[in-house]
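Observations on chain architecture
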Amino acid sequence: MKSQTLMNVEHGFFIICLIVMALLIFLCLIRAIRGPRLTDRIVAGNMIGTMTIMSIGILSVLLEGSYMIDVCLIYAMISFIAVVVLSKVYMGVYRERKEAVEKGEKKC
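The structure presented is a predicted model; accordingly, all values stated were derived computationally and were not measured.

Calculation rules
Residues numbered from 1 in each chain as written. Predicted model: local features only at pLDDT ≥ 70, side-chain atom pairs only at ≥ 80, totals over all residues. Heavy atoms only, no water. Helix = DSSP H or I, 4+ residues; strand = E, 2+ residues; numbered from the N terminus. Rg over C-alpha atoms; globule rule 2.2 N^0.38 Å. Buried < 20%, exposed > 50% of the residue type's maximum accessible area, 1.4 Å probe, protein only. Contact = heavy atoms within 4.5 Å. Areas by Shrake-Rupley, 256 points an atom, 1.4 Å probe, with all protein chains shown as cover. Lys, Arg positive; Asp, Glu negative; His and termini not counted. Charge placed at Lys NZ, Arg CZ, Asp CG, Glu CD. Salt bridge = Lys/Arg side-chain N within 4 Å of Asp/Glu carboxyl O. Phe/Tyr/Trp six-rings, centres within 6.5 Å; stacked < 30°, edge-to-face > 60°. Core = buried A, V, L, I, M, F, W, Y, C linked by side-chain atoms within 4.5 Å.

Looking now at the overall build of the chain. Along the chain, the regular secondary structure elements total three helices and zero strands. Taken over the C-alpha trace, the chain has a radius of gyration of 20 Å; the compact-globule value for 108 residues is 13 Å, which it surpasses by more than 25%. Its C-alpha atoms put the chain at 75 × 25 × 15 Å along the principal axes. Of all 108 residues assigned to the chain, the portion counted as buried reaches 24%. Counted over contacts in the chain with a minimum sequence separation of 6, partners at least 24 positions apart contribute 48%. Taken as a whole, the chain presents about 8400 Å² of accessible surface, with 70% of it coming from carbon and sulfur. Positive and negative side-chain charges of the chain, numbering 12 and 8 respectively, have mean locations separated by a distance of 9 Å.

Put into structure tokens, the structure is as follows:
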């Protein structure tokens, strides 16, 4: 059995972690919007997904809901697939622009 003091410390620590995660997600959102390159935006989106997964994991421990771990795993798979698809699309656009520059055409 955990003592009441230890449970209060754990609860406070989880709340602080969630607040920090929210701030970091907000900063990554700013990077995703302002990022000078598309790769910065893709990485920021991946970081937002990862931090959301961690936040759901912390909430599952805090609320003692084991079903939230399933949600966390599904979100992780969807986030991974989204990053892979965005990277493939970016690589296709990059190759297309590179080939156009090599041919002497200017495509935007």
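Moving on from the model shown.
Further remarks concern the pattern of salt bridges. In this structure the tally under the stated criterion is one salt bridge. Where Arg37 meets Asp40, a salt bridge forms, and the shortest distance between an N and an O atom there is 3.6 Å. Relative accessible area serves as the criterion here: at 51%, Arg37 is assigned to the exposed category.

For the structure on display, the rule yields two aromatic pairs. Measuring from ring centre to ring centre gives 6.3 Å for Phe13 and Phe14, while their planes differ by 50°; the resulting arrangement is tilted.

Below, the discussion takes up the nonpolar core. Ranked by size, the top nonpolar core spans five residues in total: Phe14, Cys17, Leu18, Ile58 and Leu62. Put simply, the parts of the chain that give this core at least two residues each are helix H1 (4–34) and helix H2 (38–63). Counting residues per element, this core draws most heavily on H1, at three residues. Apart from residues lying up to four places away in sequence, Phe14 is in contact with Ile58, Val61 and Leu62.

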